[in-house]
Amino acid sequence: MKLTTKLWLGILLLALLSPLGLILPEYFKAGSDWTEGSRILWQAPLPEYAFKGSQEKGLLYVSFGYITSAILGIVIIAIAILLIGKKLTRKGNRR
Amino acid sequence: MHIPDGYLGPQTCGFFYAVMFPIWIIAAKVAKRTLKARHVPLLAIGAAFTFVIMMFNVPIPGGSTGHPVGGVLVAILLGPWLACIAVTISLVVQAFLFGDGGLTAIGANCFNLGFASVFTGYYVYRLISFNAPINSNRRVIAAGIAGYIGINVAAFLTGVELGLQPLIYHTASGQALYAPYKLNVAVPMMLVSHLLVFGWIEAAVTLLAVKYLQKQDPALFYETHH
């Protein structure tokens with residue numbers, strides 16, 4: 001398998017594991033955060049990596065939203081970089 | 001440690017946008033000059049990595065949160081300027097799409113996580129790994145130390161920026177207008193958790209990734225690109 005394929009699979013694995021940050025504190029009953037949260041200017045489409053109203057539907061639903069958000073973010077970032085990369089490497093440094 | 005909207009006053013936000021603007025321009029120029037087409041997929045992987053690793057977002061007893069960043073690792077592979085671009089893109093997507101970090105604070109967050117942390121970590125790595133062969137263990141250890149120091153630089157700066165707010169912005173009666181905790185609370189809150197917990201996670205992630213990539217393909221490392 002090509003190394004880049006392996007690395008993308010590693011990132012997919014991280015996306016699937018990403019709800020751990022939600023699940024562990026729930027388990028240890030840790031406090032909620034104060035630096036990440038409040039929004040004034042802009043309503044993000046998926047605030048806190050969650051679907052609307054998923055909080056009431058329990059941790060499994062929240063985790064599903066979190067993983068979906070992770071994959072969506074990864075896809076958007078990959079596309080953005082590939083486009084930027086195309087633009088930046090248009091002239092010269094082809095290889 | 002993403003600062004949300006409403007925690008930094010307008011001048012503070014403007015200041016960090018003003019600081020980051022020339023840095024972004026230089027990063028774009030460096031990328032235009034040095035980025036090779038064969039490294040673009042690695043840059044995409046690096047940015048996606050910082051995005052997903054920052055989602056491992058754990059509340060800290062006492063009220064804050066922390067997470068690994070991965071920016072120093074990307075700098076070791078692609079150089080600090082491209083790592084700055086990777087972290088910036090991650091932070092912009094996180095702010096716009098997921099409300100993680102404020103739009104007004106993108107300048108400050110990019111300065112802490114995408115510039116100060118990345119460059120400090122990268123040069124710590126360069127210093128410790130000076131003259132070491134690309135597949136040496138000294139590079140692995142250098143990567144771990146660089147990750148540890150890099151994330152703590154970001155945590156310290158975040159604490160200072162938040163802690164300065166009640167000193168700069170308050171009502172006549174002393175009521176804070178933005179972030180409420182002063183330096184003596186905000187800095188230890190950010191720094192202690194990162195020195196004790198998140199720094200070590202960042203160190204482990206950076207170290208293990210470098211160890212793995214050394215075995216896979218030494219040509220991945222930035223210092224072999226030229």
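The structure we're discussing is the one just above.
Within each chain, residue numbers correspond to sequence positions counted from 1 in written order. All chains are assigned letters beginning with A, and all ligands numbers beginning with 1, in the order in which they are written. Confidence filtering applies because this is a predicted model: local features only for residues at pLDDT of at least 70, side-chain atom pairs given and counted only at 80 or more, and all residues used for totals across whole chains, interfaces and linings. For the side-chain quantities, the full set of heavy atoms in the structure was used; hydrogens and water were omitted.

Asks: Describe in detail the packing of aromatic side chains, supporting the description with residues and values.
Replies: Classification of ring pairs rests on two measures: the distance between centres of Phe, Tyr or Trp rings, Trp counted by its six-membered ring, which must be within 6.5 Å, and the angle between planes, read as stacked under 30 degrees, edge-to-face over 60 and tilted in between. Using the criterion set out here, one finds 16 aromatic pairs over all chains in the structure. A ring pair is formed by Tyr49 of chain A and Phe51 of chain B, whose centres lie 6.4 Å apart and whose planes are at 70°; its orientation type is edge-to-face. Of the two residues, Tyr49 of chain A is situated in the loop between α2 (20–28) and α3 (59–88) and Phe51 of chain B in helix α2 (residues 40–53); the pairing between them involves two chains. Assigned by exposure class, Tyr49 of chain A and Phe51 of chain B land together as buried. Note on Tyr122 of chain B and Tyr222 of chain B: the rings are 6.1 Å apart at their centroids and 70° apart in plane angle, and the pair reads as edge-to-face. In this pair, Tyr122 of chain B sits in helix α5 (residues 106–128) while Tyr222 of chain B sits in the segment after α7 (183–216), placing the two residues 100 residues apart along the sequence. On the basis of relative accessible area, Tyr122 of chain B is assigned to the buried category, the value being 2%. Burial classification: accessible surface area is computed with a 1.4 Å probe over protein chains only, and a residue below 20% of its type maximum counts as buried, one above 50% as exposed, and the rest as partly exposed. Residue classification places Tyr222 of chain B among the buried residues on the basis of a relative accessible area of 18%. Ring-pair connections join several aromatic residues into one group, and the members of that group are Phe15, Phe16, Trp81, Phe111, Phe115, Phe119, Tyr122, Tyr123 and Tyr222 of chain B. By the criteria applied, helices consist of DSSP H or I runs no shorter than four residues and strands consist of E runs no shorter than two, each listed in order from the N terminus.

Asks: Before we move on, can you summarise the nonpolar core with the specific residues and values?
Replies: Among buried residues, those of type Ala, Val, Leu, Ile, Met, Phe, Trp, Tyr and Cys that are joined through side-chain atoms within 4.5 Å constitute a nonpolar core. In terms of nonpolar packing, the biggest core is built from 91 residues, with Ile81 of chain A together with Met1, Phe51, Val52, Leu77, Leu113 and Phe221 of chain B touching the most fellow members. Ignoring anything within four residues of it in the chain, the contact list for Phe221 of chain B reads Ile76, Leu77, Tyr125, Ile134, Val210, Leu213 and Gln214 of chain B. Contacts are assigned to residue pairs with any non-hydrogen atoms lying within 4.5 Å of each other.

Asks: Before we move on, can you summarise the environment of Met190 of chain B with the specific residues and values?
Replies: Take Met190 of chain B: it is sitting in helix α7. Remark: the alpha-carbon pair of Met190 of chain B and Thr158 of chain B, spanning 32 residues in sequence, is separated by 7.3 Å.

Asks: Lay out unusual backbone geometry with the relevant residues and their values.
Replies: Even without glycine at this site, Tyr49 of chain A takes up a positive phi of about 55°. Note on Tyr49 of chain A: relative accessible area 2%, which makes it buried. The phi dihedral of Asn131 of chain B falls on the positive side, at around 70°, and the residue is not glycine. By the secondary structure assignment, Asn131 of chain B is in the loop between α5 and α6 (137–168). Residue class for Asn131 of chain B comes out exposed when judged on its relative accessible area of 66%.

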